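Here is what each chain is made of, one letter per residue.
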Amino acid sequence: MNAPALPEAASRVRRGAVGIETVGMTMRFGSFTALDAVSIKVRPGSFHALLGENGAGKSTLVKCIMGFYHATSGDLLIDGFDGHVRDPRDAHAKGLGMVYQHFTLVPALTAAENLVISRADVPAVVDWAEELTALRAFMDAMPFRVPLTEPVHRMAAGEKQKLEILKQLYLGRRFLILDEPTSVLTPDEADEVLGHVKALCASGALSVLMITHKFREVTAFADEVTVLRRGRHVGSGLVADLSHADMAAMMMGDARPAAPAARAETSGAPVLELVGIRARDRSGLKEIAIDGLSVRAGEIVGIAGISGNGQMELMEILTGQRATSAGTMRVHGAPYRATRGEERRLKVRYLPEEPLHNACAPRMSVAENIGFRSFEAAGAGTRFWLAPGEMRRRAERLVADYKVKTTSVEAPIAALSGGNVQRAVLSRELDGEVDLLIISNPCFGLDFIAVAEIRSRIMAARNAGAAVLLMSEDLDEILELADRVLVMSEGRIVYECAAAEADIPTLGRHMGGHA
Amino acid sequence: MSAGVEITAPARSARAWLVPLAGRAEGVLLPLAALVTGFAAFALFLVLLGKNPWTFYTLVYQAGFGTGFSWTNTLARAAPLLLAALCVAIPARLGLVVIGGEGAIVLGGVMAGGLGAVLGGWPALIAMPLMALGAALIGGLWIGAVGALRQWRGVNETIASLLMAYIAIALMNHLVEGPLRDAASLNKPSTAPLAEALRVGDMPGFSVHWGLAVAFLACIGAWVLIERTTLGFSARIAGGNVRAAQVQGLPVTKLVVGFTALGGACAGLAGYFEVSAVHGSANASLAAGYGYTGILIAFLARHNPLAIIPVALLLAGIEASSGLVQRRMELPDATMTVLQGFIFVAILASETFTGRLDLTRWLSRGERA
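None of the values given here were measured: they were computed from a predicted structure. (Residues numbered from 1 in each chain as written. Chains lettered and ligands numbered in written order. Predicted model: local features only at pLDDT ≥ 70, side-chain atom pairs only at ≥ 80, totals over all residues. Heavy atoms only, no water.)

Visitor: Can you help me understand the overall build of chain B in this one?
Guide: When you go through chain B residue by residue, the secondary structure sums to 16 helices and zero strands. Across the 369 residues in chain B, those meeting the buried criterion constitute 50%. Taking as baseline every contact in chain B between residues at least 6 positions apart, the subset at least 24 positions apart corresponds to 77%. For chain B, the exposed surface amounts to about 16600 Å²; the carbon and sulfur share of it is 68%. (Helix = DSSP H or I, 4+ residues; strand = E, 2+ residues; numbered from the N terminus. Buried < 20%, exposed > 50% of the residue type's maximum accessible area, 1.4 Å probe, protein only. Contact = heavy atoms within 4.5 Å. Areas by Shrake-Rupley, 256 points an atom, 1.4 Å probe, with all protein chains shown as cover.)

Visitor: Looking at this structure, how should I read the domain arrangement of chain A?
Guide: A common way to report how large an interface is uses the accessible area buried once the components associate. Residues and elements named next belong to chain A. Looking at the assigned domains, one finds that chain A contains domain 1 (8-103 + 172-250), domain 2 (269-347 + 434-515) and domain 3 (361-432). The interface of domain 2 with domain 3 comprises twelve residues on the first partner and 17 residues on the second. For the pair domain 2 and domain 3, the summed buried surface comes to about 1200 Å²; carbon and sulfur atoms form 51% of the total. For the domain 2 face of the interface with domain 3, the top three residues by lost area are Arg 340, Arg 344 and Arg 457, together amounting to 42%. Taken together, the connections running from domain 2 to domain 3 amount to four salt bridges. The salt bridge partner of Arg 344 is Glu 376, with a shortest N-O separation of 3.2 Å. Between the two partners, domain 2 and domain 3, sit nine residue pairs in polar contact (both at pLDDT 80 or more). (Domains from an automatic or database assignment. Buried area = accessible area lost by both parts, 1.4 Å probe. Salt bridge = Lys/Arg side-chain N within 4 Å of Asp/Glu carboxyl O. Polar contact = N/O pair within 3.5 Å; in protein donor to acceptor, adjacent residues only side chain to side chain.)

Visitor: What's the story with the interface of chain B and chain A in this structure? I'm lost.
Guide: In this assembly, 30 residues from chain B lie in contact with 38 residues from chain A. Linking chain B with chain A are one salt bridge. Between B:Arg236 and A:Glu368 there is a salt bridge; the shortest N-O distance is 2.9 Å. Counting the contacts that link chain B with chain A gives 13 residue pairs in polar contact (both at pLDDT 80 or more). The element contributing the most residues to the side of chain B that touches chain A is helix α8 (residues 230-240) of chain B, with six residues.

Visitor: Any chance you could explain unusual backbone geometry here in plain terms?
Guide: Glycine aside, a negative phi is what most residues show, and trans is what most peptide bonds show. Residue and element names in this part refer to chain A. We note that Asp 79 has phi near 50 degrees; this positive angle belongs to a residue other than glycine. Counting through the fold element by element, Asp 79 comes out in the loop between β4 (73-78) and β5 (81-82). Taking the relative accessible area as the measure of exposure, Asp 79 reaches 41% and is therefore partly exposed. Residue Glu 354 is not a glycine yet carries a positive backbone phi of 40 degrees. Structurally, Glu 354 can be placed in the loop between β16 (348-351) and α12 (355-358). The class for Glu 354 is partly exposed, based on a relative accessible area of 48%.

Visitor: Just checking my understanding: could you explain the packing of helix α7 (residues 211-228) of chain B against α8(B) for this structure?
Guide: When two helices pack together, their arrangement is given by the angle between the helix axes and by the axis-to-axis distance. Residues and elements named next belong to chain B. One can describe the packing of α7 onto α8 by two numbers: an axis separation of 5 Å at closest approach and a directional angle of 70 degrees. With respect to their mutual orientation, α7 and α8 come out roughly perpendicular. Here Leu 225, Ile 226, Glu 227 and Arg 228 of α7 lie close against α8, whose contacting residues are Thr 230, Leu 231, Gly 232, Phe 233 and Arg 236. In terms of residue class, the contact of α7 with α8 is made up of four nonpolar, two polar and three charged. (Axes fitted to C-alpha atoms, helices over the stretch in contact; angles between N-to-C directions. Parallel < 35°, antiparallel > 145°, perpendicular 65-115°, else oblique. Nonpolar A, V, L, I, M, F, W, Y, C, P; charged D, E, K, R; others polar.)

Visitor: Sorry, what's going on with the packing of aromatic side chains here?
Guide: In this description, an aromatic ring pair is defined by two values, namely the gap between the centres and the angle between the planes. Scanning the model with the defined rule gives 14 aromatic pairs over all chains in all. Here the aromatic rings of B:Phe39 and B:Tyr57 are separated by 5.3 Å at their centres, their planes lie at 75 degrees, and the arrangement is edge-to-face. Taken together, the residues span a long stretch of sequence, with B:Phe39 in helix α1 (residues 2-48) and B:Tyr57 in helix α2 (residues 53-66) at a distance of 18 residues. Each ring, one from B:Phe65 and one from B:Trp71, has its centre 5.3 Å from the other, and the planes form 65 degrees; the classification is edge-to-face. For B:Trp71, a relative accessible area of 34% gives the class partly exposed. Taken together, the ring pairs in this structure connect B:Phe39, B:Phe42, B:Phe45, B:Phe56, B:Tyr57 and B:Phe342 into an aromatic cluster. The side chain of A:Arg457 reaches across the aromatic face of A:Tyr402, ending 3.8 Å from its centre. (Phe/Tyr/Trp six-rings, centres within 6.5 Å; stacked < 30°, edge-to-face > 60°. Lys NZ or Arg CZ within 6 Å of the ring centre and 35° of its normal.)

Visitor: What is the right way to read the sheet that holds β4(A) from this model?
Guide: What links the strands of a sheet is backbone hydrogen bonding, and the strands pair in either a parallel or an antiparallel sense. Residues and elements named next belong to chain A. Strands sit in the order β2-β1-β4-β5 across an open sheet of four strands; the sheet is antiparallel. Of all the strands in the sheet, the pair left with one neighbour each is β2 (32-42) and β5. As paired strands, strand β1 (residues 20-29) and β2 are joined by seven bridges and run antiparallel to one another. The residue of β2 that forms the bridge with Ile 20 is Val 42. On top of the sheet, helix α2 (residues 58-66) reaches β1, β2 and β4; it is set at about 115 degrees to β1, its chief contact. (Pairing = 2+ DSSP bridges.)

Visitor: Just to check I follow, could you spell out the pairing of strand β9 (residues 224-229) of chain A for this structure?
Guide: Along any regular strand the residues' side chains alternate between the sheet's two faces. All names here are of chain A. When you tally the buried positions in β9, you get five out of six residues, the bulk of the element. Alignment of strand β3 (residues 47-51) against β9, held across four bridges, turns out to be parallel. Across the sheet, Ala 49 pairs through a bridge with Val 225, a residue of β9. As defined by bridge partners, β9 adjoins strand β10 (residues 232-238) across six bridges and the pair is classed as antiparallel. Paired with Leu 228 across the bridge in β10 is His 233. Counting the residues in the hairpin turn of β9 and β10 gives two residues, including Arg 230, whose phi is positive at 50 degrees.

Right, here's the structure in full:
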């Protein structure tokens, strides 16, 4: 049954897309069923999208296909034959490859070096002249190319993603899994990369299974779509036959997200003002420079940008975690250094990204975590003795108000799911009067219901008169929530417009630093 | 319909009551398992040496806890161990691993010995608190400096505290053999013997000095501070996740410096009692390794000041039995250090199991499905 694995060099010559099919694939982790008899079919040369909320089983399915997991039951067919995959190496030998959400290239090496070292059969001494000739010949046969002698760290994100895909083709992969391939790309770059992938599929060189949650990409590029929900296959079909509403309905099932909160008319005085801020970035090499940023009461200012362009540093400046070398930060006109007293007096609240990592003590209880803002407050003054009873009652009230699912408020917060951690943190930060709310990627990795609920809470805070600064890598989120959109690139604010007049291609160009 | 609600309500509350217990069970079970593993591994070591582990542990029990006399011996050793363990446990609640308590003990002892020589003629009521305060102060400054170095200069607190312990011991040797040396101490350079009035005596009814009571109170006080005050809560937030504490605007630097200094003050007090209740003068005997055993105790107690009490008694008993075990079983004097080493490796290894033994998740398994 087992055909001898083809040597890499031979497999590079192999042509023609591979089709795969899973038959009743089930994966259990203990008593938890992550995949429940899922059957999907990716025909050779098709571009197949895999849709589903977080935790729907998309990653589990592709990990079973790639041999990272061994399915509890069910079969994998490769080109119609039994394709039992022992491990990822076996999957590679069979022509299956995967492109991960984040780059797996070595930044300091050139594209050519990255391609050569990714092979399993790199010789001890590499004849670079010969390799480069071979690589040029390979590139010439490709529908798109990247500069071979350029170090990867100098490439734009879109180039890197193209190189990742070229790498898979170079390694002889004829079936590719793309795991949210556009999450680090600008809209333009995403369209370009996916356009190339679609062309490769159409030419019959490749079949693709793409994990995504962006409907737009599904309709624009995919041929077929499969939707998973809670580990089950809940629908599939030709993309041409399905509307966005159909796909959304399949993904969510019976649950309905909260209706987006209405945007009330508000106008207010500036609450947060940053002038001439200068600071070092994480690497210590580049500068963060915010010349002017102001957020008025009753306004959501969205800061769009690709991850790693200084948003994290700006958040750290705003929370007092990063020292500034120049400039002033004012809240309600008063100098602000994010001390606890100032945060309380000026009613400033924060919702950092990855709340379990940045806003919670994972091993402390839900009640204690919810108490972080208020544990020493006694009216206007402070208390010395802790009041655990009061803390627990407050937590129970907020847990009920914000529908945080937890066994008990005494359970460690790390035991909660991502959405529930975010709800718990939101309940803590929005409790009481809020004048300024500073948020970073509030919905990252959350499911539909949680996303809708959290966005409507943010909108409600705005409508109640809070000034909201929203940093997000999700442009859709910014366009949905913000009144004013700023674009951050290379540590600077490079573009500003009213949300109503925002034009996605223009924003994309500024995000990519090409304008 | 309403009947159903009434039936489910008690079951839910029973579970809600169990969850916090389950969350804490791990904190008891893991160190206990590590302790047993350490004992078992050491038993194997004894077998390889051709000794009988059963005899060993019986002797340890007899000499450490078997009789009133052995309890006295154990309790006397427990006092400095309790305070040394607090020097590790209090900063640990802020996420710091401070292992240089030995330095604060030694300097506290020298401070007490030196002050005692100066204040010889003063009334005990004034001189004794001054000596204790001086010892606590120097200990607090010494370990507080470790916290300050970390916050302001990014120096790793574990390495800084360990190296500062060596500096402290060298400083003690210099002072005791030089400026503070009592000319009468010929064989063993020491500070001048304390006046009888300045000695700390035994508690009535025990033949154990008052340092033990102070150490017990310090443990209880540290627990109250950490678990029951808003200051302690701030420290626990910073220890649980320093980024979260910063976002909450908590004064992390002040907390770190304050809590390291408090830990150091405890260790300094241990030095004070060693000099004024045990040795009668400051000399090289101060560097007896209490600071290092304190590290083991704090880790076994999972940095819970109340749990330090039983663990310190256990370790004090083991140390107290050292002499008897050496004589009866003809074992080298490093035996107890080897045993402590086995336990320490086991407790460090057990940390990797943290979170795997999640009874809370097990209890709530029905709700997550």
